[in-house]
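Letter by letter, the chains look like this.
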Amino acid sequence: MSLDLTINGDTASVDATPDTPLLWALRDHLGLTGTKYGCGIGQCGACAVLIDGVLAYACVTPIDTLGGASVETIDDLSGPAAEAVKAAWIAHDFAQCGYCQPGQVVAATALLSETPAPTDADIDAAMSGQLCRCATYQRVRAAIHTAAADLEGGE
């Protein structure tokens, strides 16, 4: 079965069963490998994407549930919040293994798009679904504060 999906602003036709997880449609059918496979059960956040601007886990999102939704992946993440997050990630230079970073960046972008000046509690709540085996959580929080300040015209 062929389904049309809107991925990173483009329409893509995916020939897969309706219950195929979005993650596999992205990686195997469309060649967008920035979104990572981590746990396969929506618990680690490595596969985070934005669906109509809302954080979602691609490993547990069947493609037939997307309807006319727009999916944005790390492969083409853009906009003021995304650019501020990417710059803060580079400035803080904290990625170790880096495997979780695409999901972390997508989740931080979603947070700053909705909450431009988050508190530590806001960050902790928004990022709680993003696991990092290198335990860089304090540095993630610092980078999000830097990105928020940059969005407000600070630093």
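You'll find the structure just up there.
Residues numbered from 1 in each chain as written. Predicted model: local features only at pLDDT ≥ 70, side-chain atom pairs only at ≥ 80, totals over all residues. Heavy atoms only, no water.

**Observations regarding the overall build of the protein chain**
Alright, step 1. When its secondary structure is counted, the protein chain shows five helices and five strands.
Alright, step 2. Taken from the N to the C terminus, the helices and strands of the protein chain come in the order β-β-α-β-β-β-α-α-α-α.
Alright, step 3. Since a compact globule built from 155 residues should have a radius of gyration of about 15 Å, the 15 Å found for the protein chain is in line with a globular shape.
Alright, step 4. Each principal axis of the C-alpha distribution contributes one length, and for the protein chain these read about 50 × 30 × 25 Å.
Alright, step 5. Across the 155 residues of the protein chain, 45% fall into the buried class.
Alright, step 6. Taking all contacts inside the protein chain whose residues are at least 6 apart in sequence as the whole, residues at least 24 apart take part in 55%.
Alright, step 7. For the protein chain, the exposed area adds up to about 7300 Å²; of that, 52% sits on carbon and sulfur atoms.
Alright, step 8. In the protein chain, 6 side chains carry a positive charge and 19 a negative one; their mean positions are 12 Å apart. (Helix = DSSP H or I, 4+ residues; strand = E, 2+ residues; numbered from the N terminus. Rg over C-alpha atoms; globule rule 2.2 N^0.38 Å. Buried < 20%, exposed > 50% of the residue type's maximum accessible area, 1.4 Å probe, protein only. Contact = heavy atoms within 4.5 Å. Areas by Shrake-Rupley, 256 points an atom, 1.4 Å probe, with all protein chains shown as cover. Lys, Arg positive; Asp, Glu negative; His and termini not counted. Charge placed at Lys NZ, Arg CZ, Asp CG, Glu CD.)

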